[in-house]
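# Structural characterization, general
What follows is the residue order along each chain.
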Amino acid sequence: MRQIWPAERAGDVSESDLLRLYGFPADAHRWLAVNFVSSADGAVEVAGRSRALTNSADRKVYPLGAALADVLLVGAATAVAERFGEAAHADWQLAVRRAQGLAEVAPIAVVTTGASLPPDAPVLTKVSTPTIVLTCAAASAERRAAWQATGARVLVHGTTSVDLPSALNELAELGLRRIHCDGGPRLFGAALAAGVVDELRLTIAPLLLAGAAGRIAAGYDLDPRRLRLASALTEDDTLLLRYLLD
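The name that an unreviewed UniProt entry assigns to the protein chain is Riboflavin biosynthesis pyrimidine reductase, with the source organism given as Tamaricihabitans halophyticus. For the record of the protein chain, the UniProt heading Pathway (unreviewed entry) holds the text "Cofactor biosynthesis; riboflavin biosynthesis."

Spelled out as C-alpha cells, the structure:
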C-alpha cells in the first residue's frame with residue numbers, strides 16, 4: 001500500500017502509518033468517522049449487501065476503525081441486513097486496543113425509531129458487551145422493554161426521530177467519544193443533516209456496477225458540504241480516501 005496524498009508523505013505505508021492516519025484526534029470532545037466502500041460508479045451494495053465490494057486493501061484499513069474506536073455506530077436497517085453481531089477481534093486488533101487503553105470489545109450503538117430493530121436481531125442477541133440502542137419517544141414502551149430484555153441499554157433522544165447531536169453527546173459523556181460509524185446511507189444522511197460528521201473514510205473499489213444501487217448518503221436534501229482531503233492511499237487499483245468536513 002502506498003500513500004499518494006499528502007505529497008510530502010508519499011511512499012510505502014507501514015502499520016504505524018495506518019494507525020496514525022486512521023486514529024482519532026486525542027483532544028476531540030467527540031469524533032464521528034463514517035466508513036463506506038463503494039464502486040467507482042458510486043454503488044454501495046451488491047444484492048443488498050456491501051460486503052461484495054470489499055477487497056484486501058479495504059480489509060487493511062476498515063478494521064482499524066473498530067480497533068481504535070470507543071463505540072461502533074450503525075443504523076438498524078444496516079445492522080439487520082448485514083446481520084451485525086459482535087465481530088471477533090484479531091490478535092492485532094486486541095493488541096491495538098490494549099495499547100490504547102480501550103476495552104477489549106467496543107459496544108455497538110444502534111440507531112432506530114423502533115420498528116426497524118426486532119428484539120431477536122443478532123446485534124442485540126449475539127453480543128457479549130451489551131448493545132446501546134439510540135431511539136426516540138416514538139418507539140413503543142413494549143419495543144423498548146423487549147430491547148432491554150436482551151440486556152441492551154436504551155437511550156431515548158428526540159420525539160419522532162432520533163436527535164443525533166443529543167444522543168452522541170450522551171455517548172461522549174459515557175466515555176464513548178471515538179465513534180466508528182458503519183452506516184448505512186440513511187444514517188449518514190441524517191448525521192450530515194444534523195452536522196455531527198467529522199470525517200468520511202471512503203474506499204473506492206475498482207468495480208462498475210450500474211443498476212439501481214444507492215449511494216453512501218440518502219434521505220435528506222442538503223446544501224453542498226465542503227470536504228478537505230486528509231489522505232489518499234492506493235493498493236491493487238483501489239483508492240482509500242479520508243476526508244474531513246469543514
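Pairing between the strands of a sheet is mediated by backbone hydrogen bonds and can be parallel or antiparallel. Pairing in this open sheet of 11 strands is mixed, and the strands run β2-β1-β10-β11-β9-β3-β8-β4-β5-β6-β7 from one edge to the other. Single-partner strands in this sheet number two, and they are β2 (11-12) and β7 (153-156). Bridge count between strand β4 (residues 71-75) and strand β5 (residues 108-111): 4 bridges; the pairing is parallel. Within β5, the position partnered with valine 74 by the bridge is valine 110. The strands that helix α8 (residues 185-194) touches are β3 (31-39), β4, β5, β8 (178-181), β9 (199-205) and β11 (238-245); relative to β3, the one it contacts most, it runs at about 135°.

For the rest of this paragraph, the subject is helix α7 (residues 164-173). Every buried residue belonging to α7 is among Leu164, Ala167, Leu168, Leu171 and Ala172, and all of these are buried. Across the axial projection of α7, the buried residues extend over an arc of 145°, all falling on one side. N-capping of α7 is provided by aspartate 163, with a side-chain oxygen placed 3.2 Å from the backbone N of serine 166. Just beyond α7, the residue with positive phi is glycine 175, at close to 90°.

As for its placement among the helices and strands, aspartate 182 is situated in the loop between β8 and α8. Side chain to side chain, aspartate 182 and tyrosine 62 meet in a polar contact 2.6 Å long. Aspartate 182 has contacts with Asn35, Tyr62, Leu73, Val74, Thr78 and Phe84, leaving out every residue within four places of it along the chain.

Quick look at the pairing of strand β6 (residues 132-135) now. Alternating residues of β6 divide into Ile132 and Leu134 and Val133 and Thr135, and every residue in both groups is buried. The sheet contact formed by β5 and β6 spans 3 bridges and is parallel. From the neighbouring strand, valine 110 faces β6, where its bridge partner is valine 133. Sheet analysis places β6 next to β7, joined by 4 bridges and oriented parallel. Its bridge partner lying in β7, threonine 135 is registered against valine 156. In this view, the connection linking β6 to its parallel neighbour β7 by way of helix α6 (residues 141-149) has right-handed handedness.

So, on to the pattern of salt bridges. Taken as a whole and judged by the stated rule, the model has 7 salt bridges. Lysine 60 serves as the salt-bridge partner of glutamate 235, at 2.8 Å between the closest nitrogen and oxygen. Highlighted residues: glutamate 235 in strand β10 (residues 227-235) and lysine 60 in helix α2 (residues 58-68), separated in sequence by 175 residues. We classify glutamate 235 as buried; its relative accessible area is 11%. Glutamate 199 is paired through a salt bridge with arginine 242; the nearest N and O atoms lie 2.9 Å apart. With glutamate 199 in strand β9 and arginine 242 in strand β11, this pair connects stretches of sequence that are 43 residues apart. The class for glutamate 199 is buried, based on a relative accessible area of 1%. On the basis of relative accessible area, arginine 242 is assigned to the buried category, the value being 10%. Because the salt bridges share partners, they merge into one network encompassing Glu199, Arg201 and Arg242.

Scoring rules and cut-offs
Residues numbered from 1 in each chain as written. Predicted model: local features only at pLDDT ≥ 70, side-chain atom pairs only at ≥ 80, totals over all residues. Heavy atoms only, no water. UniProt positions renumbered as here; feature names shortened; annotations may be inferred. Pairing = 2+ DSSP bridges. Helix = DSSP H or I, 4+ residues; strand = E, 2+ residues; numbered from the N terminus. Contact = heavy atoms within 4.5 Å. Axes fitted to C-alpha atoms, helices over the stretch in contact; angles between N-to-C directions. Buried < 20%, exposed > 50% of the residue type's maximum accessible area, 1.4 Å probe, protein only. Arc of directions from axis to C-beta. Polar contact = N/O pair within 3.5 Å; in protein donor to acceptor, adjacent residues only side chain to side chain. Right-handed = clockwise from strand over helix to strand, strands pointing away. Salt bridge = Lys/Arg side-chain N within 4 Å of Asp/Glu carboxyl O.

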